[in-house]
Amino acid sequence: MASGEGATRHEIRIRPVQETSHSDVDALLTWLMREPLVKEKVEKGELRVEQRATPDEHGTPMGLGTEIVLVVLQGAVGVVVAALLEQAKSAVREWQENRRSVGEDDPPDFDVTSDGDAR
């Protein structure tokens, strides 16, 4: 979204619950980018996927590594945001199940939340 447009955007955050390695966040991001709805919205320019330092409740970056942020750009309706939120939650569960099925250590937990209207 260009600066000064005044349009709204929504952010969906996929945040580690505990200290999590950067490689785990990268692996989850790779998994997430294969999800059909995410891939479609990125290709259409309706969604931007970012990695950011994980902030605390005051917005200050803290030592839990990075979070994944889906930035739903202007023009997206609430139904799209809700669908992306559910897709993100499902992707995290599937990624964790996949990690367990190949015998890796218990994968980290992530909270998936929508910040709603984040001008």
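Along each chain, residues carry numbers from 1 onward, in the same order as the chain's sequence is written. Restriction of local features to residues with pLDDT of at least 70 applies here, the model being predicted, together with a cutoff of 80 or more for giving and counting side-chain atom pairs; totals for whole chains, interfaces and linings are based on all residues. Calculation of side-chain values draws on the structure's entire complement of heavy atoms; hydrogens and water are dropped beforehand.

Undergrad: Quick question: what am I supposed to make of the overall build of the protein here?
TA: Under the scheme used here, helices are H or I runs from DSSP no shorter than 4 residues and strands are E runs no shorter than 2 residues, and both carry numbers assigned from the N terminus. If you tally the helices and strands in the protein, you get three helices and four strands. Reading the protein from its N end, one meets helices and strands in the order β-α-α-β-β-α-β. For the protein, the residues scored as buried account for 39% of the 119 residues in total. By definition in these notes, contact holds between two residues if any of their heavy atoms fall within 4.5 Å. Partitioning the intrachain contacts of the protein with sequence separation of at least 6 by distance along the chain shows that 67% fall at a separation of at least 24. Here the accessible surface of atoms and residues is derived via Shrake-Rupley with a 1.4 Å probe, and residues count as covered only by protein chains that are part of the display. Counting only carbon and sulfur atoms, one obtains 49% of the accessible surface of the protein, whose full area is about 6,500 Å². Buried residues are those whose accessible area, probed at 1.4 Å on protein chains only, stays under 20% of the maximum for their type, while exposed residues exceed 50% and partly exposed ones sit between those limits.

Undergrad: Is there a simple way to think about the packing of helix α2 (residues 36–43) against helix α3 (residues 78–101) in this case?
TA: A packed helix pair is summarised by two numbers, namely the angle formed by the two axes and the spacing between the axes. Running from amino to carboxyl end, α2 crosses α3 at an angle of 130 degrees, the nearest separation of the two axes being 9 Å. When the axis of α2 is compared with that of α3, the two are oblique. Contacts between α2 and α3 pair Pro 36, Leu 37, Val 38 and Lys 41 from the former with Val 80, Ala 83, Leu 84 and Gln 87 from the latter. Residue classes in the contact of α2 with α3 are distributed as six nonpolar, one polar and one charged. Convention adopted: a line fitted to C-alpha atoms gives each axis, helices being fitted over their contacting stretch, and angles between N-to-C directions are expressed from 0 to 180 degrees. Just so you know how the angles are binned, under 35 degrees is roughly parallel, over 145 roughly antiparallel, 65 to 115 roughly perpendicular, and the rest oblique. Gly is placed with the polar residues, together with every amino acid not listed as nonpolar (Ala, Val, Leu, Ile, Met, Phe, Trp, Tyr, Cys and Pro) or charged (Asp, Glu, Lys and Arg).

Undergrad: I would appreciate a short explanation of the packing of helix α1 (residues 22–33) against α3 in the present structure.
TA: One way to put it is that α1 packs onto α3 with a least axis distance of 10 Å and a crossing angle of 120 degrees. Judged on the interaxial angle alone, α3 and α1 are oblique. The way α1 lies across α3 gives a crossing that is right-handed. Contact with α1, carried on its side by Asp 24, Ala 27, Leu 28, Trp 31 and Leu 32, involves Ala 88, Ala 91, Val 92, Glu 94, Trp 95, Asn 98 and Arg 99 of α3 and no other residues of that element. A clockwise turn of the near helix away from the far one marks a right-handed crossing, whereas an anticlockwise turn of less than a right angle marks a left-handed crossing.

Undergrad: Please clarify how the packing of aromatic side chains should be interpreted in this entry.
TA: Aromatic rings in a pair are described by how distant their centres are and how their planes are angled relative to each other. A pair of aromatic rings is counted whenever rings of Phe, Tyr or Trp (Trp by its six-membered ring) have centres within 6.5 Å, and the orientation is called stacked for planes under 30 degrees apart, edge-to-face for over 60 and tilted otherwise. Under the criterion given, the structure shown has one aromatic pair. Ring geometry for Trp 95 against Phe 110: centres 5.9 Å apart, planes inclined by 75 degrees, an arrangement best described as edge-to-face. Within this pair, whereas Trp 95 is found in helix α3, its partner Phe 110 is found in strand β4 (residues 110–117), the two being separated by 15 residues in sequence. Accessibility classification places Trp 95 together with Phe 110 in one group, the buried group.

From the geometry alone we can't say anything about function, so treat these as descriptive.
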